[in-house]
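Report on the structure
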Amino acid sequence: VSGISIETDNKNVKAEEFKEAILSCKHKFSKGMSLRIEWKKIQSQGVSFVYYNGEFTGDLRGRAEMLNTGIRIRNVTRKDSGTYRCEISAKSEEGQRLGEATITLTVLVAPTTPVCGVPSSAMTGTVVELSCKETEGSPPSEYQWYKNGVALLEKTGTGNARAANITYIMNKKSGTLLFNTVTKNDTGEYFCEASNGIGLSQKCSVKRMQVDDLNLSGIIIAVVFVALVMALCGLGVFYAQKKGYFAKESSSQKKTNYQSTSEKDFKHTKSFVI
């Protein structure tokens, strides 16, 4: 057994989902030679056949066709992503000759509608974080936040971003929009857009965030009101004790209990005499 040279036009094939992908595998053999061609998919759980004994197997059955010794896959899906190996063997006067080529297929997937987390209200001076995420896109999506329909600038420390005195941090990789100290000026309607260069970008629905000052006067009034109610309750209890209402109630209860006991004793004695 001796090695032979197998070539491919592209070792890293990228194709958009639901379109076609071509995995090339070329050799230099005489036309009259008897060739055996196999395609395999290399996965973490092991190696499986894609093309074997003259036909396609598994998920590619009915979706793929041979191009000489290469293959064309129609209507690719994200499940088709992975590493493929073309293996060719040929018989010659020198004996069996073998060769192989490895190709990586990456299926590109457009983003889906992201899920956005925007608080409906916040207090000035507090830390507020807005979130945006979608998990279907391949490659992973990047995120852009908008306020009142205008794209927010990244805090780069130079140019327009620096001049705008930005008080937030927008992370385009993670999709977060962080306000370390939110202000009333940050009140507005927000939405996020996800894009990865594949298909159309997707955005979440618009959500409004209202930022208000902390109502200190209202809090003080509420505290004073609660304190007054508690004080009045305490005075009421004190007044009732001073007038002896609790003592009278206790004496009345004792008298009732005494009368009830006496009646029971009288009935018992009467029964005994008879």
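In this text, all values refer to a predicted model and were calculated from it rather than measured experimentally. (Residues numbered from 1 in each chain as written. Predicted model: local features only at pLDDT ≥ 70, side-chain atom pairs only at ≥ 80, totals over all residues. Heavy atoms only, no water.)

With antiparallel pairing, four strands are arranged side by side in an open sheet as β11-β13-β17-β16. Each having just a single partner strand, β11 (115-117) and β16 (168-171) make up the two edges of the open sheet. Within the sheet, the average angular offset between the axes of one strand and its neighbour, ignoring direction, is 5°. Two strands pair when backbone bridges link them, and β11 and strand β13 (residues 128-133) are joined in this way by three bridges, in the antiparallel orientation. When the bridges of β13 are listed, C116 appears paired with C132. (Pairing = 2+ DSSP bridges. Helix = DSSP H or I, 4+ residues; strand = E, 2+ residues; numbered from the N terminus. Axes fitted to C-alpha atoms, helices over the stretch in contact; angles between N-to-C directions.)

By the secondary structure assignment, R85 is in strand β9 (residues 82-92). Using a relative accessible area of 18% as the deciding quantity, one classes R85 as buried. Within the local environment of R85, its side chain forms a polar contact with the side chain of E87, the two groups lying 2.7 Å apart. In contact with R85, other than residues within four places in its own chain, are E38, W39, K40, I42, V47, E100, A101 and T102. (Buried < 20%, exposed > 50% of the residue type's maximum accessible area, 1.4 Å probe, protein only. Polar contact = N/O pair within 3.5 Å; in protein donor to acceptor, adjacent residues only side chain to side chain. Contact = heavy atoms within 4.5 Å.)

With that settled, consider the packing of aromatic side chains. Here the distance between the centres and the angle between the planes together describe a pair of aromatic rings. Tallied over the full model, the rule gives five aromatic pairs. When the ring of F49 is compared with that of Y52, the centres are 4.4 Å apart and the planes differ by 45°; the resulting orientation is tilted. Taking relative accessible area as the criterion, F49 reaches 37% and is therefore assigned partly exposed. Y52 sits in the partly exposed class, given a relative accessible area of 36%. Among the aromatic residues, ring-to-ring pairing joins Y168, F179 and Y190 into one connected group. (Phe/Tyr/Trp six-rings, centres within 6.5 Å; stacked < 30°, edge-to-face > 60°.)

On to the pattern of salt bridges, then. Oppositely charged side chains are able to pair whenever their charged atoms sit close together. As enumerated under the stated definition, the model contains 15 salt bridges in all. One salt bridge connects E38 with R36, and the closest N-O pair in it is separated by 3.1 Å. Residue classification places R36 among the partly exposed residues on the basis of a relative accessible area of 41%. Ionic contacts of the salt-bridge type, sharing partners, join the residues E20, E65, R72 and R74 into one network. (Salt bridge = Lys/Arg side-chain N within 4 Å of Asp/Glu carboxyl O.)

Turning next to the pairing of strand β14 (residues 142-147). Among the six residues that make up β14, five are buried, leaving the element largely enclosed by the rest of the structure. Summarising the sheet, β14 and strand β15 (residues 150-151) pair through two bridges and their orientation is antiparallel. For Y146, the partnering residue across the bridge sits in β15 and is A151.

With that settled, consider the sheet that holds strand β3 (residues 21-23). Spatially, β3-β8-β7 is the arrangement adopted by the three strands of the open sheet, whose pairing is antiparallel. Single-partner strands in this sheet number two, and they are β3 and β7 (64-67). Shown here is a sheet whose adjacent strand axes are inclined to one another by a mean of 20°, direction ignored. As paired elements, β3 and strand β8 (residues 70-73) share three bridges and run antiparallel to each other.

Between S138 and P139 the backbone carries a cis peptide bond, its omega angle lying at 5°. As for its placement among the helices and strands, P139 is situated in the loop between β13 and β14. Backbone geometry places F18, a non-glycine residue, at a positive phi of 75°. Relative to the helices and strands, F18 is located in the loop between β2 (12-16) and β3. For F18, a relative accessible area of 55% translates into the label exposed. One non-glycine residue, N148, adopts positive backbone phi at about 55°. Structurally, N148 can be placed in the loop between β14 and β15.

On their own, these measurements won't tell you what the molecule is for.
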